[in-house]
Amino acid sequence: MACALAAGMAMAQVESANTVGFTTIPIEEGQYILIGTQFESVGATGATAGQIALSDLISMDGVEACAYDDMYDDAAEIDTLVNGIYVSYFYISDAYGENNAIVTAWADEDGYAIDESTVLSLGEGFWFVANSAESGASIQVKGQVTSGTSKTISFPGNKTYAIMCNPLPVDTALSDVVTAGVEACAYDDMYDDAAEIDTLVNGIYVSYFYISDAYGENNAIVTAWADEDGYAAEGINIEAGASFWIVSPDAGSLTFSL
């Protein structure tokens, strides 16, 4: 898959105490892009905090719904990882909605419109592709900006790849992200045993490994996310809403803080 990532959040308005924002992402026909869920549902509290319905997350400009029969060739498509398996949704004009009414909606592979129970979690990432799009098309990812000064996102173990994102509305240095639940390994074993983050830097994926003998400041030995040469990641920012891959032998969490 060819992939690209665009960011640039703009604050849209304020509703009560809830700051509503959006990210506009230019798209090209057939181009796969990674998108991060950096917003939650407007007014989300309690059990709904940190979640957003997929049907509320994305709006599109220059992308039309197509018929179910043409969806694999022409539809906009979202692919999200669920327990390590991709689940796909398609934007079609003849989905089965409530009481089997025909509606334009994001739908599953059987053509049934998704409802408010199909949610993504803050910090989760997913693939998007518009198989048919006009020149200058774009999508908007929108919702309520998360409150608070820190957010923790969890990732699976068993070397299952997951797509995550920075859930905060600001860029965060990788060196400032607190990693928990993962045992750092030695540099010599990192390709076999280390937790790994793959993030886009200037359009190219760069890998960082969680190791116990990284070279830190003044070449002090530290436990840190490190590059392939064993040097602790310094000056590496994960942009607001930017997606990245993570794979780990152990389940754990990453905490992003303002």
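Starting from 1, residues in each chain are numbered consecutively following that chain's sequence as written. Note on the predicted model: pLDDT of at least 70 is required for a residue's local features to be given, and 80 or more for side-chain atom pairs to be given and counted; whole-chain, interface and lining totals, by contrast, use all residues. Water and hydrogen atoms were dropped before computing side-chain values, which therefore reflect all heavy atoms in the structure.

Caption draft 1: Local environment of the sheet that holds strand 22 (residues 243-247). Taken in spatial order, the five strands line up as 15-22-18-19-20 in an open sheet, and their pairing is antiparallel. Both outer strands of the open sheet, strand 15 (162-165) and strand 20 (221-226), are each paired with one neighbouring strand and no more. Adjacent strand axes in the sheet meet at a mean angle of 30°, parallel and antiparallel pairs treated alike. For two strands to be treated as a pair, DSSP must find no fewer than two bridges joining them. Secondary structure elements are taken from DSSP: a helix is a run of H or I of four residues or more, a strand is a run of E of two residues or more, and numbering for both begins at the N terminus. For helices, the fitted axis covers only the stretch in contact; all axes are lines through C-alpha atoms, and the angles between them, taken along N-to-C directions, range from 0 to 180 degrees.

Caption draft 2: Region of the structure containing the sheet that holds strand 17 (residues 178-180). One open sheet holds the three strands; their spatial order is 14-23-17, and the pairing between them is antiparallel. Taken across any chain shown, the strands that pair with only one partner, and hence form the sheet edges, are strand 14 (150-155) and strand 17. Strand-to-strand twist across the sheet, computed as the mean angle between neighbouring axes with direction ignored, equals 20°. The sheet contact formed by strand 14 and strand 23 (residues 252-257) spans six bridges and is antiparallel. Note on strand 23: the bridge partner recorded for Ser154 is Ser253.

Caption draft 3: The arrangement of unusual backbone geometry in detail. Backbone geometry at Asn99 places phi at a positive 55°, although glycine is not the residue there. Relative to the assigned elements, Asn99 resides in the loop between strand 9 (85-96) and strand 10 (102-107). The residue Lys159 is not glycine, and still its phi comes out positive at about 55°. Only protein chains enter the calculation, and the probe is 1.4 Å; a residue is then buried if its accessible area is under 20% of its type maximum, exposed if over 50%, and partly exposed in between. What makes Lys159 partly exposed here is its relative accessible area of 46%.

Caption draft 4: Highlighting a negative patch on the surface. Each patch is built from residues that are more than 30% exposed by relative accessible area and take part in no salt bridge. Like charges join if they lie within 9 Å; nonpolar side chains (Val, Leu, Ile, Met, Phe, Trp, Tyr) join within 5 Å. Surface exposure here means Shrake-Rupley accessible area, sampled with a 1.4 Å probe, where a residue is shielded only by the protein chains that are shown. Any Lys or Arg side-chain nitrogen found within 4 Å of a carboxyl oxygen on Asp or Glu counts as a salt bridge. In this tally, Lys and Arg are treated as positive and Asp and Glu as negative; His is ignored, and so are the chain termini. All charge positions are set by atom: Lys at NZ, Arg at CZ, Asp at CG, Glu at CD. Together, Glu29, Asp69, Asp70, Asp73 and Asp74 give the surface a local cluster of negative charge. One can find Asp73 in helix 2 (residues 71-74).

Caption draft 5: View of the layout of surface pockets. Lining residues are those with an atom within 4 Å of a point, where the points come from a 1 Å grid over the protein atoms alone and group into cavities, where a 1.4 Å probe fits but cannot get out, or pockets, open sets with protein on both sides within 12 Å along at least five of seven lines. Grid points are joined across faces, edges and corners, and a volume is the space filled by probe spheres set on the points. Counted as a void, the largest pocket has a volume near 420 Å³. In this structure, the largest pocket is lined by 25 residues; those nearest its centre are Thr80, Leu81, Val82, Asn83 and Glu124. Counting residues per element, the ones that place at least two in the lining of the largest pocket are strand 8 (76-82), strand 11 (119-121), strand 14 and strand 15. With four residues, the top contributor of residues to the lining of the largest pocket is strand 14. Note on residue categories: nonpolar means Ala, Val, Leu, Ile, Met, Phe, Trp, Tyr, Cys or Pro, charged means Asp, Glu, Lys or Arg, and polar means any other residue, Gly included. For the lining of the largest pocket, a count of residues per class yields 14 nonpolar, ten polar and one charged.

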